[in-house]
Amino acid sequence: MSEMPKAYEPREVESQWYAAWLDGKCFEADPSSQRPAYSIVIPPPNVTGILHLGHVLNNALQDILARRARQEGREVLWLPGTDHAGIATQAKVERELREKEGVGRRDLGREAFLERVWEWKEKHGGIIINQLKRLGCSCDWSRERFTMDPEYSDWVAKVFVDLFKEGLIYRGKRMVNWCPVSLTALSDEEVIMKPQKSKLYTMKYELVDAPGEFLRIATTRPETLMGDTAVAVNPRDPRYAGFIGRKVRRPFPEAEIPVVADEHVDIEFGTGALKITPAHDKADFEIGMRHGLEIIDVLHPDGRVNCPGCPELDGLDRFEARGKAAAMLDAMGLLIEVEDYDNKVGFSERAHVPIEPRISMQWFLRYPCVDEAARAVADGDITFRPDRWRKTYAHWMENLQDWCISRQLWWGHQIPVWYRRDKLEELKAAESLDTSDLEAGDIHVGVEPPEDESGWVRDEDVMDTWFSSWLWPFATMGDSGGDSPTLRKFYPTTDLVTGPDIIFFWVARMIMAGYRFAGGPPFRNVFFTSIIRDLQGRKMSKSLGNSPDPVDLMEKYGADGLRFGLMRIAPVGSDIRFDEHQIEEGRNFANKLYNACRFRRMAGEGGGAAPVAGLRSSHVDIMAKLDELADDLVRLYGEYRFGEISQRLYEFLWSEFCDKFLEAVKGDLRDSASEAAKAATLSVFDAVMSRYLQLLHPYMPHVTEELSRRMGYTGDDEFLMLKQLPEASLLANLAEVEVAAARERAGAVYETAGRLRNLKAEYNVAARRDVRFVVRGAAEWLDAESDVLALLAGADSIELDDAFDPPTGTPVSLTPVGEVAMPLEGLIDVEAEKARLSKEVDKIAGEVAKSEGKLGNANFVGRAPAEVVEQERERLEEWRAKLAQLREMLEGLG
RNA sequence: GCGCGGUUAGCUCAGUGGUAGAGCACAUCGUUCACACCGAUGGGGUCACUGGUUCGAACCCAGUACCGCGCACCA
């Protein structure tokens, strides 16, 4: 046994134990095991990402669940991996290339560029994985997966082909969300609506058949005016009844466009007349379809104006063009008003610029197994925690829109579709490439390319990253596209831990994919974590610089400290306000635990054997409390109440074990104490601590493993993390009545000690200065506990003397063990004691009045449950007795 | 506009009908030794507001205010 330094130093300990666990293959899952399975798949982080606090929370929770499941004797698979993160990764590499080499991806060409991305992935892909290891995550790293592994890619292609054959995947020209920076289509989920300070421009269009007469129109986007092909009014709007069917003059490029009637137009808003730009607005597109309007695209893919017919604006960026267009209208005398206007604009999730609604040729998916997936959650086959997310899920499932799955990127799974070269040219010229326009012989959809590739051209698009992620729970377990022992043992997974922000992106889609491709739900429970905010309540973000680096935090406070601190502030269901002080508390807690063990070590050898003989009430009490803790944790884990679990663990060690138990038994460990007393105390310490370390282990794996080994609770070739939780109670050998009696005594002693310390403080007696206490009317068992009481209260001695007649003014406290006097020869301050007693009398009198009022209420006595009333009566009796005694004492002072 | 959360001590949060809690922070005291990453003691709350139900409400119901988050084609 080596020396233990005064303060716990986590760094070395944590890395050593992590290495030891890996060496011992503690994390590896065995599909052939007979134990019941427990499995989690990690929400795969972006392969080139770095750890942030959200990851820490998420993965610490998963680790806690996995470690607890191992202790419960289950065969655990926690399957890790990373996501290729199409747009994010490609954008990173492109930026790097531009900055360092001044080249774009098109300069390199597809193949060369992809090589560079793979290089980047090899170089940076391990970072977040290593950070998860630093955190202590017990993932089965031998099974680490990547969404672009060959086998995984096969699954993605196979799924695409299956869904295509089923008729659920189709290609078509549709209005999609276009990102002018990433130059790709996005799904609806990748668009974030943000409030914007905009301008609402009111302008007027002249009626063709009535020069000098105008129709007033409000718009926020004058720069798309060149694409207007109609003006719409509501058919029920009396103001415009006479305008329907007539034509107005579009100012530039000049054209005559019709006034159409459409229910969609809001009579109340703006002027009640809406300019229709079918190429650049989703609603306008639909109106255009209804009225057979021409679609004029006036924007380039990168957001610049594409309108040679209007040279003043052609080539300008869309926002620049907005001001210019307004100025032009003004110059023509057509701009009536510009007012400030708050509206919401869709932004690209990744590129942080407003998206552009745009007509383009894309691949879409009509979701499979929608009913099964919706029912699974509604019926509780899959449980959501907190439960309220079910509603969010149900709402989305009821309003499913087809998913735009193609992306105009290079990094990702390329669409497994080939077109016959000559046919493709023909269709391109005709600007039409709906799958419906292709005959069977012109298109090849398959995991493998067509036999004679030369005559074919592959679709250039790749799939949305989530189109691979949605297969994650089974594509990581099965052979490509098939069965495997792992899949049979561990699918469906037990728990999924993720953020509610990806309930649509990922969770809902996984459920549908699970039913369609793996024959059932992908998981049984989904635990949605809180979102971590800063102390101002703002979301953590790189740009705000309010996101602390978890690795720094781990260096400062240890991985265990970070984990524990975070768990203590993680409420169920609402947001977390992150405060570094909480992490500091986690570190302090680890140190407290370490020092409790250090104290035990300094007390010397002994203990070990199960505690039986010579038990004190404090011994019994702490063992009973440990049993209670163990039971509570079973319940709390069942309810996924992680914050409360950490709270209970904290309270047990700090308040119960250290502040009460350890202080109470310190006397037994002194050299003057008997061997028997010492042995009993050491064995109780060991019995309680060894179990406590096990209970704490999922939250603080490193320090518990370390201490368990150092204290000899686990052998040299044993791991705490793999040890099963014991079933037997520590108190199995004691009769219930004995336990109850001992606990009552212990409780009384602890409470009395508090009162006496209080008394000392009131009289400014230094806490560590020993004084003499004299007890009158002592509980009959007090003699046996008086040494403990003396120790806890900082007393020189506790005397039991019913005949004791305290000098006038001696402070006396009424305690659960009797009336305790603190004779302070020469220090008595009668006035101070009077004041103290008066204050207490007032307080107790208030309680008595309150209680009497309650019991005097016929309704209370008549209607409240009998036990509640009885409880109240007892309480009143106690208060009254106490009050009487206090008054007597006060009178005694004169 | 619809929906979902939240509002309890200076701060972060517990508290599902029966004496308002914890940690931190604060104040006073204390380093003859497990731990100053510590110990002892103490001060501090109209449980957002208004009504209702109940013998009794932080808790249940209705409404209001403020904060946050989703969803929605008001240009």
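Refer to the structure printed above.
What you are looking at is a predicted structure, and each value in this text was computed from that prediction instead of being measured.

J.: Got a minute to help me understand the overall build of chain A in this structure?
T.: The secondary structure content of chain A amounts to 27 helices and 29 strands. Relative to its length of 894 residues, chain A is extended, with a C-alpha radius of gyration of 37 Å against a globular reference of 29 Å. Each principal axis of the C-alpha distribution contributes one length, and for chain A these read about 115 × 65 × 55 Å. The buried share of chain A, taken over its 894 residues, is 53%. Restricting to contacts in chain A with at least 6 residues of sequence separation, those with at least 24 account for 79%. When the accessible surface of chain A is totalled, it reaches about 39800 Å², and 48% of it is carbon and sulfur. Distance between charge centroids for chain A: 1 Å, based on 113 positive and 150 negative side chains.

J.: What is the right way to look at the sheet that holds strand 16 (residues 403-404) in this model?
T.: Across the sheet, which stays open at both edges, the four strands sit in the order 6-5-14-16 with antiparallel pairing between neighbours. In this open sheet, the two strands that pair with only one neighbour each are strand 6 (184-186) and strand 16. As defined by bridge partners, strand 5 (residues 169-179) adjoins strand 6 across three bridges and the pair is classed as antiparallel. Across the sheet, the residue bridging to Cys179 is Thr184, located in strand 6.

J.: Looking at this model, I keep getting lost on the sheet that holds strand 29 (residues 818-821). Mind explaining?
T.: Strands pair in a sheet through their backbones, by hydrogen bonds, and they do so in one of two ways: parallel or antiparallel. Strand order in the open sheet made by the four strands is 27-26-29-28, with mixed pairing throughout. Two strands close off the open sheet at either side, each with one partner strand: strand 27 (795-800) and strand 28 (812-815). Going from strand to strand, the sheet's axes swing by 25° on average, the running direction of each strand aside. Here strand 28 pairs with strand 29 via four bridges, running antiparallel. Bridge pairing in strand 29 places Leu814 opposite Glu819. Each of strand 26 (771-776), strand 28 and strand 29 touches helix 23 (residues 736-762); the most contacted strand, strand 28, lies at about 160° to it.

J.: Even after reading the chapter, I still don't get the protein's contact with RNA strand B, so can you show me in this structure?
T.: The environment of RNA strand B is formed by 57 residues, the closest being His264, Asp266, Arg598, Trp654 and Arg863. Between His264 and RNA strand B, the recorded distance is 2.4 Å, taken from a side-chain N or O atom to a base oxygen. Here Arg757 contributes a side-chain N or O atom positioned 3.0 Å from a sugar or linking oxygen of RNA strand B. The dominant element in the surface near RNA strand B, judged by the number of residues it contributes, is helix 18 (residues 580-602), at 11 residues.

J.: So what exactly am I meant to see when it comes to unusual backbone geometry here?
T.: Peptide bonds are, in most cases, trans, and in most cases residues other than glycine have a negative phi. In the segment running from Arg385 into Pro386, the intervening peptide bond is cis, with an omega of -10°. Here Pro386 lies in the loop between strand 15 (383-385) and helix 11 (389-398). A cis amide bond links Tyr491 with the next residue in sequence, Pro492, at an omega value of 0°. Looking at the secondary structure, you find Pro492 in the loop between helix 15 (485-490) and strand 22 (493-498). Residues other than glycine seldom take positive phi values, yet Lys25 does so here, at roughly 50°. Relative to the assigned elements, Lys25 resides in the loop between helix 1 (10-23) and strand 1 (37-41). Even without glycine at this site, Tyr640 takes up a positive phi of about 55°.

J.: How should a negative patch on the surface be read in this particular structure?
T.: A cluster of like negative charges, contributed by Glu151, Asp154, Glu448 and Asp479, occupies part of the molecular surface. Note on placement: Asp154 falls in helix 7 (residues 150-165).

J.: Help me understand the layout of surface pockets in this model?
T.: Sizing a probe to match a water molecule and rolling it over the atoms shows the empty space that remains. Taken as a whole, the second largest pocket spans an internal volume of roughly 1200 Å³. Along the wall of the second largest pocket there are 44 residues; nearest its centre are Thr220, Arg221, Asp281, Asn343 and Lys344. Contributions of two or more residues to the lining of the second largest pocket are made by strand 5, strand 7 (191-207), strand 8 (214-219), strand 12 (273-276), helix 8 (282-291), helix 9 (318-331), strand 13 (335-348) and strand 14 (356-365). Residues of the lining of the second largest pocket, tallied by class, amount to 18 nonpolar, 14 polar and 12 charged.

J.: Help me out: how do you make sense of the packing of aromatic side chains in this one?
T.: The way to describe two aromatic rings as a pair is by their centre distance and the angle between their planes. Summed over all chains, the structure comprises 39 aromatic pairs. Seen in terms of ring centroids, Phe113 and Trp410 are 5.8 Å apart; in terms of plane orientation they differ by 65°. Their pairing is edge-to-face. Of this pair, Phe113 sits in helix 5 (residues 110-124) while Trp410 sits in the loop between strand 17 (406-407) and strand 18 (417-420), and the two are 297 residues apart along the sequence. A residue is classified by how much of its surface remains accessible, and Phe113, at 0% relative accessible area, is buried.

J.: What is the right way to look at empty space enclosed by the protein in this model?
T.: If you walk through the whole model with that rule in mind, you get three cavities of 30 Å³ or more. What the second largest cavity holds in volume is close to 40 Å³. In terms of lining residues, the second largest cavity is bounded by Phe599, Arg600, Phe661, Leu662, Val665, Leu669, Thr681, Leu682 and Phe685. Partitioned by chemical class, the residues of the lining of the second largest cavity number seven nonpolar, one polar and one charged.

About the criteria used
- Residues numbered from 1 in each chain as written.
- Chains lettered and ligands numbered in written order.
- Predicted model: local features only at pLDDT ≥ 70, side-chain atom pairs only at ≥ 80, totals over all residues.
- Heavy atoms only, no water.
- Helix = DSSP H or I, 4+ residues; strand = E, 2+ residues; numbered from the N terminus.
- Rg over C-alpha atoms; globule rule 2.2 N^0.38 Å.
- Buried < 20%, exposed > 50% of the residue type's maximum accessible area, 1.4 Å probe, protein only.
- Contact = heavy atoms within 4.5 Å.
- Areas by Shrake-Rupley, 256 points an atom, 1.4 Å probe, with all protein chains shown as cover.
- Lys, Arg positive; Asp, Glu negative; His and termini not counted.
- Charge placed at Lys NZ, Arg CZ, Asp CG, Glu CD.
- Pairing = 2+ DSSP bridges.
- Axes fitted to C-alpha atoms, helices over the stretch in contact; angles between N-to-C directions.
- Near = heavy atom within 4 Å.
- Polar contact = N/O pair within 3.5 Å; in protein donor to acceptor, adjacent residues only side chain to side chain.
- Patch = residues over 30% accessible without salt bridge, like charges linked within 9 Å, V, L, I, M, F, W, Y side chains within 5 Å.
- Salt bridge = Lys/Arg side-chain N within 4 Å of Asp/Glu carboxyl O.
- 1 Å grid on protein atoms, 1.4 Å probe; cavity = no way out; pocket = protein on both sides within 12 Å on 5 of 7 lines; lining within 4 Å.
- Points joined across faces, edges and corners; volume = space filled by probe spheres on them.
- Nonpolar A, V, L, I, M, F, W, Y, C, P; charged D, E, K, R; others polar.
- Phe/Tyr/Trp six-rings, centres within 6.5 Å; stacked < 30°, edge-to-face > 60°.

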